[in-house]
Structure formats: structure tokens, C-alpha cells
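Commentary on secondary and tertiary structure
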Amino acid sequence: MSKTIHYADVYGLGCKLIRTSDIIDKGYVYQQCPAFTHKNERTFVGYSPIDLAFSIERTPSGPLLSIKSDSMIKFITIDDEHINSPRPVFQLKVPKFLFWTHDDDVWIEQNDHPMTSLNNNIVGVPAWFNLSNWSRTLNVACTIVNEKKCVIINKGDPLFRISFYSNNLDDDIVLKREEYSEEYKKAVETDLFARREVKGYRKNLFSKTDETSKCPFSFLFK
């Protein structure tokens, strides 16, 4: 069977997710390993749509953010709590995707990409949850590897990986790109607010899907 995952580029920057099996050179011998191919058929890579360079310096008055281009500050979210972590943590506002599915008990996992620590001086912050219960937007939070060096991200650099899991790990994953709309925005914001008002809402992130935990976008397709 197959599970269909819908996703939309929130800011309309042409961002896409690419299946890992489509981008790894076929010359590698491990491409013949079924365990490797099974995993990578269900894993997708997200890329940076912009060039971005900045550094963080710890001063007596606190950490200081220095960004190469002032116009790029709008693409970074960073606060005192995260910048003062053991190593600074920040969030990129792009790429930003909205995910949802009409299938039950499909989990989404966001993970780091192995090249970022080498090329970009960052490591993505991993997370996962039951997407069927909790449709939402995702972007990438990163920890700086060496704060004495700049963070340099070039357009087209891989930043993170997304994987999907169902109750049957042999299910095929069909990723369907949609156009982002105001209806989607209103639906997810209203739904998230409503669920966060319910006591114990966090269990929905990890519990099995039931009749009360359904995709908030279903009404758009009736």
C-alpha cells in the first residue's frame, strides 16, 4: 500500500523536497543493498533557497549576532534563551513547509543532514511526531558546531532530511506538492490553537490516531 503526504512551500520560494534515492550517485556499491534503498525511498532532503552568512560572538554584555547582509536577518529567528545555550541555537525561517496527510498513524521525522557540520558549521535539531494527529509547519532549528567560525549557507545546500513511517514500514510514501493557500494557513493556525488549549494535548503528538485526531484540512476537500 501507499501513504500520501501533502506538503506546501509556505513562502512560495520554489522550495521542494527531493527523495534521497533520486540524488545519491548510482555508482556507490551500497545502492545494491536493499536495507539502504528501503530507507532512502522514504527519506527526503530539504535545501536552502537562499545564501546566508553570519557569526555569533560572546561578549561581556552577551552574545552578539553579526550578519553579512542586513536583508537576511528576516530569515533567522534567535532569542536569548537559545543563543545562550551551551552552543548557540537558531532557527531558519526558510525553507518552511506545511505537511498533512489523510492517512492514519503516519509519523514524520525531521533529522539533520550529514553534510551541514562539514560545509555549514551547523547541525539540525531532530524531532518526530504523529503527523496524522498533528498537521503543522516545519522549518529547521540548528545548533552551531564551532561558534568561533562563521555559519555559511549557500543556496542549494542540503539542510535536513525528512522521513515518514506508517504501521507497515513497507508502505510506499507518495509525496505530493501543493500550492500554499490562505485556507491552509487559517486551518492549521486555528487547529493548533484549539489543540493547545486542551489539557494533555502533547499526548496527541505520540498517540495513535483516533476519531478525534484527524487532519485539519479534510474539510477543504469535501
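For the structure itself, consult the block above.
Description of the structure in this document.

The rules we used
- Residues numbered from 1 in each chain as written.
- Predicted model: local features only at pLDDT ≥ 70, side-chain atom pairs only at ≥ 80, totals over all residues.
- Heavy atoms only, no water.
- Pairing = 2+ DSSP bridges.
- Helix = DSSP H or I, 4+ residues; strand = E, 2+ residues; numbered from the N terminus.
- Axes fitted to C-alpha atoms, helices over the stretch in contact; angles between N-to-C directions.

The subject of this paragraph is the sheet that holds strand S2 (residues 17-19). Spatial strand order, S2-S3-S13-S8-S10: 5 strands in an open sheet with antiparallel pairing. A strand with exactly one partner marks an edge of an open sheet, and here the two such strands are S2 and strand S10 (127-130). In this sheet, adjacent strand axes meet at a mean angle of 25 degrees when their direction is disregarded. Bridging between S2 and strand S3 (residues 43-47) involves 3 bridges; their strand directions are antiparallel. Counterpart to Leu17 in the pairing with S3 is Gly46.

Where strand S4 (residues 52-59) lies against strand S12 (residues 151-153), 3 bridges are found, and the strand directions are antiparallel. The residue bridging Leu52 from the neighbouring strand is Ile153, located in S12. As paired elements, S4 and strand S5 (residues 62-67) share 6 bridges and run antiparallel to each other. Across the sheet, the residue bridging to Ile56 is Leu65, located in S5.

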